[in-house]
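Structure at a glance
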Amino acid sequence: MKPTIEQVEKNGKLIWRVEAAGVVRYHEQDWQAQWLYSYLTRLYNCDKTNPQHLSHGPSEHELDDTSSRSN
């Protein structure tokens, strides 16, 4: 399921609700919700036909390079 973001009222306050793959997270601060939504959307769109560089983990080149692996 594609990630969604919306403002909802919870305990009398307007907060952000971010949902992806059945997991829901609530954030009071705009930047937290926007960052999470952007990150989850990039993951959702990342596939073999539309590769996108992610900001964590080893690069594809590093995965193919066996010289840095310990035995």
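Residues numbered from 1 in each chain as written. Predicted model: local features only at pLDDT ≥ 70, side-chain atom pairs only at ≥ 80, totals over all residues. Heavy atoms only, no water.

Details of helix α1 (residues 30-45)
Note the threshold: Runs of H or I in DSSP of at least four residues are treated as helices and runs of E of at least two as strands, each being numbered from the N terminus. Here the expected span of a helix is defined as 1.5 Å times the quantity of residues minus one. Between buried and exposed lies partly exposed: a residue is buried under 20% and exposed over 50% of the maximum accessible area for its type, with that area taken using a 1.4 Å probe on protein chains only.
Between its terminal C-alpha atoms α1 stretches 22 Å, which fits the 22 Å expected from 16 residues at 1.5 Å a residue. Those residues of α1 lying buried are Ala33, Leu36, Tyr39 and Thr41.

Digging into the side chain of Arg17
Selection criterion: Should any heavy atoms of two residues lie within 4.5 Å, those residues are considered in contact.
Note on placement: Arg17 falls in strand β2 (residues 13-20). On the basis of relative accessible area, Arg17 is assigned to the buried category, the value being 19%. When residues no more than four places from it in sequence are discounted, the contact partners of Arg17 are Thr4, Ile5, Glu6, Val8, Val24, Arg25 and Tyr26.

Quick word on the pairing of strand β3 (residues 23-27)
Quick reminder of the rule: Note: two strands are recorded as paired if DSSP finds a minimum of 2 bridges between them.
The pairing of β2 with β3 spans 5 bridges and is antiparallel. The residue bridging Ala20 from the neighbouring strand is Val23, located in β3. Two successive antiparallel strands, β2 and β3, enclose a turn made up of 2 residues, where Ala21 displays a positive phi of approximately 55°.

Observations concerning the packing of aromatic side chains
Our working rule: Pairing of aromatic rings covers Phe, Tyr and Trp, the last through its six-membered ring, and needs centres within 6.5 Å; plane angles under 30 degrees mean stacked, over 60 mean edge-to-face, and all others mean tilted. In this analysis the charged atom, NZ for Lys or CZ for Arg, is taken to sit over a ring once it is within 6 Å of the ring centre and within 35 degrees of the ring normal.
Here the structure, examined in full by the defined rule, presents 1 aromatic pair. Taking 5.3 Å as the distance between ring centres and 5° as the angle between the ring planes, the aromatic pair formed by Trp35 and Tyr39 counts as stacked. Of the two residues, Trp35 and Tyr39 are both situated in helix α1; the distance of 4 residues between them amounts to about one turn of the helix. With relative accessibility at 53%, the residue Trp35 sits in the exposed group. The ring of Tyr26 is capped by Lys10, whose NZ or CZ atom sits 3.9 Å from the centre of that ring.

Regarding the sheet that holds β2
Our working rule: A fitted line through C-alpha atoms serves as each axis, taken over the contacting stretch for helices, and the angle formed by two N-to-C directions is quoted from 0 to 180°.
Pairing is antiparallel across the open sheet formed by 3 strands, whose spatial order is β1-β2-β3. Two strands close off the open sheet at either side, each with one partner strand: β1 (4-10) and β3. When the angles between neighbouring strand axes are averaged without regard to direction, this sheet yields 30°. Taken together, the 7 bridges between β1 and β2 define a ladder with antiparallel strand orientation. Paired with Thr4 across the two strands is Glu19, which belongs to β2. Along the sheet, α1 makes contact with β1, β2 and β3, crossing β2 at roughly 15°.

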